[in-house]
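One-letter residues, chain by chain:
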Amino acid sequence: MTLMEDKKLRLWSLYQGYKVHPESLYCVSWDDACYLFGLVAERKPKRVMELGTGLGCSTAALALAMPDDYTAWDSIETVESDRRFYEEAVGLMPHDLRRKVLFILTKTVVREVMGVPLRCYEYTPTVALPSFNLNEKYDLLFVDGPPVALSKPPPDNGVCMTGDLFALLPYLSKDAAVVVDGRSSTVEMYERHLGHIFR
């Protein structure tokens, strides 16, 4: 059995553990976990940003696919605005994967982009991480937050799209991959305004 095959079996075991959690609604699907795992295994990013940690299920899939040596330490930054999920995610992450992940707790704000109010994390890499090196940009961005649709009524007077990608553009590498969860309105907005950048 190859190392990646062994890791894929472990991914299934980890996923089952997350899915029995009482808050498993905040886990990605098995197909999405496999997709993220495969994407990292194929593209071998040096630096990954995840927006929306939830329970950390997708974070674990990303971390598992990263190399196991010291070069992967803190190579994944995952951002969450809910302290409860932040603490759960940190606690659930296996120790050997935990060293690859930098968990970040921050607030959410509403910012206007091209006249449209968008929900964003109050987070900028160069501010939150004084040691951030602009020469080491993110090779993969996974947008799975902040939450906008699960609360009723929607937060912030109906703001239902997220806009972090606009602020993070300067921090993405030239060939960065961007994966956005299933919120169709956000995907359509990104395609409309940034389609010339991402193909």
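Structural data are supplied above this passage.
Thresholds, definitions, all that
Residues numbered from 1 in each chain as written. Predicted model: local features only at pLDDT ≥ 70, side-chain atom pairs only at ≥ 80, totals over all residues. Heavy atoms only, no water. Helix = DSSP H or I, 4+ residues; strand = E, 2+ residues; numbered from the N terminus. Contact = heavy atoms within 4.5 Å. Phe/Tyr/Trp six-rings, centres within 6.5 Å; stacked < 30°, edge-to-face > 60°. Buried < 20%, exposed > 50% of the residue type's maximum accessible area, 1.4 Å probe, protein only. Pairing = 2+ DSSP bridges. Axes fitted to C-alpha atoms, helices over the stretch in contact; angles between N-to-C directions. Right-handed = clockwise from strand over helix to strand, strands pointing away. Expected span 1.5 Å × (residues − 1). Arc of directions from axis to C-beta.

(A) Spatial organisation of the side chain of D181. Secondary-structure assignment places D181 in the loop between β7 (172-180) and α9 (184-194). Contact partners of D181, with chain neighbours within four places excluded, come to V143, D144 and V187.

(B) Region of interest: the packing of aromatic side chains. The full count for this structure, using the stated rule, is 4 aromatic pairs. Measuring from ring centre to ring centre gives 4.5 Å for Y26 and F85, while their planes differ by 50°; the resulting arrangement is tilted. Of this pair, Y26 sits in the loop between α1 (3-19) and α2 (30-43) while F85 is found in helix α4 (residues 83-92), placing the two residues 59 residues apart along the sequence. Y26 sits in the partly exposed class, given a relative accessible area of 32%. By relative accessible area, F85 is classed as buried at 6%. Ring pairs connect the aromatic residues W12, Y15 and W30, which therefore count as one cluster.

(C) Inspection of the sheet that holds strand β6 (residues 138-143) at higher detail. The 5 strands are arranged β3-β2-β1-β6-β7 in an open sheet whose pairing can be described as parallel. Two strands close off the open sheet at either side, each with one partner strand: β3 (101-105) and β7. The average undirected angle you get between the axes of adjacent strands in this sheet is 15°. Sheet contacts for α4: β2 (76-80) and β3; angle to β3, the most-contacted strand, approximately 165°.

(D) Examining the pairing of strand β1 (residues 48-51) more closely. Burial of β1 is two-sided: the residues V48 and E50 facing one way and the residues M49 and L51 facing the other way are all buried. Pairing geometry for β1 and β2, over 4 bridges, is parallel. From the neighbouring strand, M49 faces β2, where its bridge partner is E77. Crossover connection from β1 via helix α3 (residues 57-65) to parallel β2: handedness right-handed. Pairing geometry for β1 and β6, over 4 bridges, is parallel. Counted as the bridge partner of L51 is V143 from β6.

(E) Quick peek at α1. For α1, with 17 residues, the first-to-last C-alpha span of 24 Å sits near the 24 Å given by 1.5 Å per residue. Listed in full, the buried residues belonging to α1 are K7, L11, L14, Y15 and Y18. Here the buried residues of α1 occupy an arc of 105° about the axis, which is enough to place them on one side. Against the buried residues of α1 lie α2, α3, α4 and α5 (95-98).

(F) Structural view of unusual backbone geometry. Cis peptide bonds are those with omega within 30 degrees of zero, and the linkage from G145 to P146 qualifies with 0°. Even without being a glycine, K44 presents a positive backbone phi close to 50°. Mapped onto the elements of the fold, K44 is located in the loop between α2 and β1. The phi angle at M114 is positive, at roughly 55°, despite the residue not being glycine.

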